[in-house]
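Chains, contacts and geometry: an overview
Spelled out from the first residue to the last, the chains are:
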Amino acid sequence: MDLVIGPLDLSAHVDEALAVQAVAFGLGPDEVAVRRQIVLRHMTYPGARALGATVGGDLVGFVYGMPNDRTHWWSTVVEPYLRANHQDHWLDDAFVITELHVHPAHQNHGIGRSLITTITDDAAEPRSILSAIDTESPARALYRSLGYRDLARQVLFPSAPKPYAVMGAPLPLRRR
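Now for a look at the structure at hand. The residue numbering used here restarts from 1 in each chain and proceeds along that chain's sequence as written. Only residues with pLDDT of at least 70 get local features here, since the model is predicted, and only at 80 or more are side-chain atom pairs given and counted; chain-wide, interface and lining totals rely on the full set of residues. Computation of side-chain values: all heavy atoms of the structure, hydrogens and water removed.

Quick look at the overall build of the protein chain
- Numbering goes from the N terminus for both helices and strands, where a helix is a DSSP run of H or I of at least four residues and a strand is a run of E of at least two. Counting secondary structure elements, the protein chain contains five helices and seven strands.
- Listing every helix and strand of the protein chain by position from the N terminus yields β-α-α-β-β-α-β-α-β-α-β-β.
- Note on method: radius of gyration uses C-alpha positions; expected globular size equals 2.2 Å times residues raised to 0.38. Relative to its length of 176 residues, the protein chain is compact, with a C-alpha radius of gyration of 15 Å against a globular reference of 16 Å.
- Evaluated residue by residue, the protein chain yields a buried proportion of 46% over its 176 residues.
- Any two residues whose heavy atoms approach within 4.5 Å are treated as being in contact. Summarising the internal contacts of the protein chain: among those between residues at least 6 apart in sequence, 66% fall at separations of at least 24.
- The protein chains shown are the only cover counted for residues, whose accessible areas, like all others here, come from Shrake-Rupley with a 1.4 Å probe. Just so you have it, the protein chain exposes about 8,800 Å², and 54% of that area is on carbon and sulfur atoms.
- Both charge centroids of the protein chain, one from 16 positive and one from 19 negative side chains, sit 7 Å from each other. The rule is simple: take the accessible area with a 1.4 Å probe, protein chains only, and divide by the maximum for that residue type; under 20% is buried, over 50% is exposed, in between is partly exposed. Positive charge is attributed to Lys and Arg, negative charge to Asp and Glu, and no charge count is given to His or to the chain ends. Taken as the charge location is NZ of Lys, CZ of Arg, CG of Asp or CD of Glu.

What follows is the structure, given as C-alpha coordinates:
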(Lines give C-alpha, C1' and ligand atoms only; values in the text may rest on other atoms or scores of the structure.)
Protein backbone atom coordinates (compact mmCIF):
# COMPACT_ATOMS: atom_id res chain seq x y z
CA MET A 1 0.00 0.00 0.00
CA ASP A 2 1.50 3.33 -1.06
CA LEU A 3 0.18 5.31 1.89
CA VAL A 4 1.28 8.93 2.15
CA ILE A 5 0.42 11.11 5.14
CA GLY A 6 1.09 14.80 4.79
CA PRO A 7 -0.25 18.33 4.98
CA LEU A 8 -3.68 18.80 3.43
CA ASP A 9 -5.09 22.08 2.11
CA LEU A 10 -8.48 21.19 3.54
CA SER A 11 -10.20 24.26 2.10
CA ALA A 12 -9.16 23.21 -1.41
CA HIS A 13 -10.03 19.54 -0.81
CA VAL A 14 -13.10 19.93 1.40
CA ASP A 15 -15.38 17.96 -0.92
CA GLU A 16 -12.98 15.00 -1.12
CA ALA A 17 -12.57 15.01 2.66
CA LEU A 18 -16.29 15.23 3.29
CA ALA A 19 -16.88 12.35 0.88
CA VAL A 20 -14.63 10.24 3.14
CA GLN A 21 -16.44 11.51 6.24
CA ALA A 22 -19.85 10.84 4.69
CA VAL A 23 -18.99 7.18 4.10
CA ALA A 24 -17.15 6.73 7.41
CA PHE A 25 -19.77 8.51 9.52
CA GLY A 26 -22.92 7.80 7.53
CA LEU A 27 -23.78 11.37 6.57
CA GLY A 28 -26.44 12.37 4.07
CA PRO A 29 -26.16 15.20 1.53
CA ASP A 30 -27.82 17.78 3.80
CA GLU A 31 -25.43 17.01 6.67
CA VAL A 32 -22.45 17.18 4.29
CA ALA A 33 -23.58 20.62 3.07
CA VAL A 34 -23.75 21.94 6.64
CA ARG A 35 -20.38 20.42 7.54
CA ARG A 36 -18.79 21.90 4.42
CA GLN A 37 -19.50 25.41 5.70
CA ILE A 38 -18.25 24.49 9.18
CA VAL A 39 -14.97 23.06 7.84
CA LEU A 40 -14.34 26.09 5.65
CA ARG A 41 -14.98 28.41 8.62
CA HIS A 42 -12.74 26.34 10.91
CA MET A 43 -9.84 26.48 8.48
CA THR A 44 -9.78 30.28 8.87
CA TYR A 45 -9.12 30.01 12.63
CA PRO A 46 -5.61 30.73 13.91
CA GLY A 47 -3.51 27.58 14.14
CA ALA A 48 -6.00 25.36 12.28
CA ARG A 49 -4.29 22.67 10.25
CA ALA A 50 -5.08 19.44 8.48
CA LEU A 51 -3.37 16.27 7.34
CA GLY A 52 -4.50 13.85 4.69
CA ALA A 53 -3.83 10.19 4.03
CA THR A 54 -3.65 9.21 0.39
CA VAL A 55 -3.34 5.85 -1.29
CA GLY A 56 -2.50 5.95 -4.98
CA GLY A 57 -3.22 9.68 -4.92
CA ASP A 58 -6.76 9.20 -3.56
CA LEU A 59 -7.69 10.76 -0.23
CA VAL A 60 -8.66 7.91 2.13
CA GLY A 61 -8.48 9.71 5.46
CA PHE A 62 -8.02 13.10 7.07
CA VAL A 63 -7.67 14.84 10.39
CA TYR A 64 -7.91 18.47 11.29
CA GLY A 65 -7.73 20.46 14.45
CA MET A 66 -6.75 23.71 16.08
CA PRO A 67 -5.77 25.23 19.39
CA ASN A 68 -8.88 25.36 21.55
CA ASP A 69 -10.63 28.66 22.07
CA ARG A 70 -13.28 28.80 24.80
CA THR A 71 -15.37 31.15 22.65
CA HIS A 72 -15.78 28.58 19.86
CA TRP A 73 -19.11 26.79 19.63
CA TRP A 74 -17.77 23.33 20.55
CA SER A 75 -16.15 24.65 23.73
CA THR A 76 -19.29 26.48 24.80
CA VAL A 77 -21.29 23.26 24.47
CA VAL A 78 -18.85 20.95 26.29
CA GLU A 79 -17.71 23.39 29.00
CA PRO A 80 -20.68 22.84 31.37
CA TYR A 81 -20.23 19.06 31.17
CA LEU A 82 -16.51 19.36 31.85
CA ARG A 83 -17.08 21.87 34.67
CA ALA A 84 -19.57 19.49 36.33
CA ASN A 85 -16.75 16.89 36.41
CA HIS A 86 -14.11 19.44 37.52
CA GLN A 87 -12.35 18.97 34.17
CA ASP A 88 -12.95 22.32 32.46
CA HIS A 89 -9.23 23.21 32.77
CA TRP A 90 -8.75 20.82 29.82
CA LEU A 91 -10.21 23.54 27.59
CA ASP A 92 -7.15 25.72 28.21
CA ASP A 93 -3.85 25.08 26.42
CA ALA A 94 -5.35 22.21 24.42
CA PHE A 95 -5.22 21.18 20.79
CA VAL A 96 -8.66 20.05 19.63
CA ILE A 97 -9.00 17.18 17.20
CA THR A 98 -12.01 18.51 15.34
CA GLU A 99 -12.47 15.65 12.88
CA LEU A 100 -10.66 12.37 12.19
CA HIS A 101 -12.08 10.03 9.56
CA VAL A 102 -10.77 7.10 7.54
CA HIS A 103 -12.69 5.51 4.69
CA PRO A 104 -14.05 2.14 5.91
CA ALA A 105 -12.16 0.26 3.15
CA HIS A 106 -8.91 1.58 4.66
CA GLN A 107 -9.67 1.24 8.37
CA ASN A 108 -7.72 -1.06 10.70
CA HIS A 109 -4.42 -0.37 8.94
CA GLY A 110 -3.07 2.26 11.36
CA ILE A 111 -4.06 5.25 9.21
CA GLY A 112 -6.17 6.92 11.92
CA ARG A 113 -3.39 6.35 14.47
CA SER A 114 -0.81 7.87 12.11
CA LEU A 115 -2.99 10.87 11.33
CA ILE A 116 -3.76 11.77 14.94
CA THR A 117 -0.24 11.21 16.25
CA THR A 118 1.31 13.18 13.41
CA ILE A 119 -0.97 16.19 13.80
CA THR A 120 -0.57 16.30 17.59
CA ASP A 121 3.22 15.86 17.39
CA ASP A 122 3.37 19.40 15.98
CA ALA A 123 1.04 20.89 18.60
CA ALA A 124 2.47 23.56 20.89
CA GLU A 125 -0.17 22.77 23.50
CA PRO A 126 0.54 20.27 26.32
CA ARG A 127 -2.71 18.34 25.83
CA SER A 128 -5.32 17.31 23.29
CA ILE A 129 -9.09 17.03 23.55
CA LEU A 130 -11.75 15.62 21.26
CA SER A 131 -15.30 14.34 21.25
CA ALA A 132 -16.52 10.96 20.04
CA ILE A 133 -19.87 9.24 20.02
CA ASP A 134 -20.35 7.90 23.55
CA THR A 135 -20.39 4.20 22.75
CA GLU A 136 -17.74 1.53 22.73
CA SER A 137 -16.30 1.66 19.23
CA PRO A 138 -13.02 1.11 17.41
CA ALA A 139 -12.50 4.90 17.43
CA ARG A 140 -12.82 5.12 21.21
CA ALA A 141 -10.51 2.10 21.61
CA LEU A 142 -7.95 3.87 19.41
CA TYR A 143 -8.19 7.05 21.45
CA ARG A 144 -7.75 5.14 24.71
CA SER A 145 -4.70 3.33 23.32
CA LEU A 146 -3.17 6.75 22.61
CA GLY A 147 -3.72 7.93 26.18
CA TYR A 148 -7.07 9.70 25.90
CA ARG A 149 -9.43 9.25 28.83
CA ASP A 150 -13.03 10.23 29.38
CA LEU A 151 -13.47 13.72 30.80
CA ALA A 152 -17.25 13.88 30.38
CA ARG A 153 -19.86 11.48 29.04
CA GLN A 154 -23.38 11.78 27.72
CA VAL A 155 -22.59 15.20 26.23
CA LEU A 156 -25.49 16.39 24.09
CA PHE A 157 -24.81 18.52 21.02
CA PRO A 158 -27.73 20.38 19.42
CA SER A 159 -29.09 18.36 16.48
CA ALA A 160 -26.83 15.34 17.19
CA PRO A 161 -28.94 12.21 17.57
CA LYS A 162 -26.50 10.46 19.93
CA PRO A 163 -24.63 11.59 23.04
CA TYR A 164 -20.87 12.13 22.89
CA ALA A 165 -17.95 11.65 25.24
CA VAL A 166 -15.27 14.32 25.60
CA MET A 167 -11.83 12.77 25.92
CA GLY A 168 -8.45 14.26 26.75
CA ALA A 169 -4.82 13.15 26.64
CA PRO A 170 -1.49 14.67 27.55
CA LEU A 171 0.84 15.30 24.62
CA PRO A 172 2.77 13.71 23.11
CA LEU A 173 0.32 10.87 22.59
CA ARG A 174 1.28 7.44 23.81
CA ARG A 175 2.85 5.20 21.19
CA ARG A 176 2.21 1.45 21.01
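Still to come is the rest of the account.
Some points on the side chain of H101
- Tracing the sequence through the fold places H101 in strand β4 (residues 94-102).
- The exposure class assigned to H101 is buried, which follows from its relative accessible area of 7%.
- Within 3.5 Å is the distance limit for a polar contact, defined as a pair of N or O atoms, with the added protein rule that one can donate a hydrogen and the other accept it, and that residues adjacent in sequence qualify only through two side-chain atoms. Of note is the side chain of H101, whose polar atom sits 3.2 Å from the side chain of Q21.
- Polar contacts involving the side chain of H101 include one to the side chain of E99, which spans 2.7 Å.
- Those residues within four positions of H101 in sequence are excluded, and the remaining contacts are V20, Q21, A24, F25, V60, G61 and F62.

Notes on unusual backbone geometry
- P172 follows L171 through a cis peptide bond whose omega is 0 degrees.
- Mapping P172 onto the fold places it in the segment after β7 (164-170).
- Phi angles above zero are rare outside glycine, and S159 is one such case at about 75 degrees.
- Mapping S159 onto the fold places it in the loop between β6 (149-155) and β7.
- Here S159 falls in the exposed class, since its relative accessible area comes to 80%.

Topic: the environment of Q154
- Among the secondary structure elements, Q154 is positioned in strand β6.
- Sequence-wise, Q154 and D88 are 66 residues apart; in three dimensions their C-alpha atoms are separated by 16 Å.
- Excluding anything up to four places from it in sequence, Q154 contacts Y81, D134, P163 and Y164.

So, the pattern of salt bridges
- Here, a salt bridge means any Lys or Arg side-chain nitrogen found within 4 Å of an Asp or Glu carboxyl oxygen. This model, assessed by the stated rule, comprises eleven salt bridges.
- The partner of R175 in a salt bridge is D121, with the nearest N and O atoms 2.6 Å apart. Here R175 is found in the segment after β7, whereas its partner D121 is found in helix α4 (residues 111-121), with 54 residues between them in sequence.
- The shortest N-O distance in the salt bridge between R140 and E136 comes to 3.8 Å.

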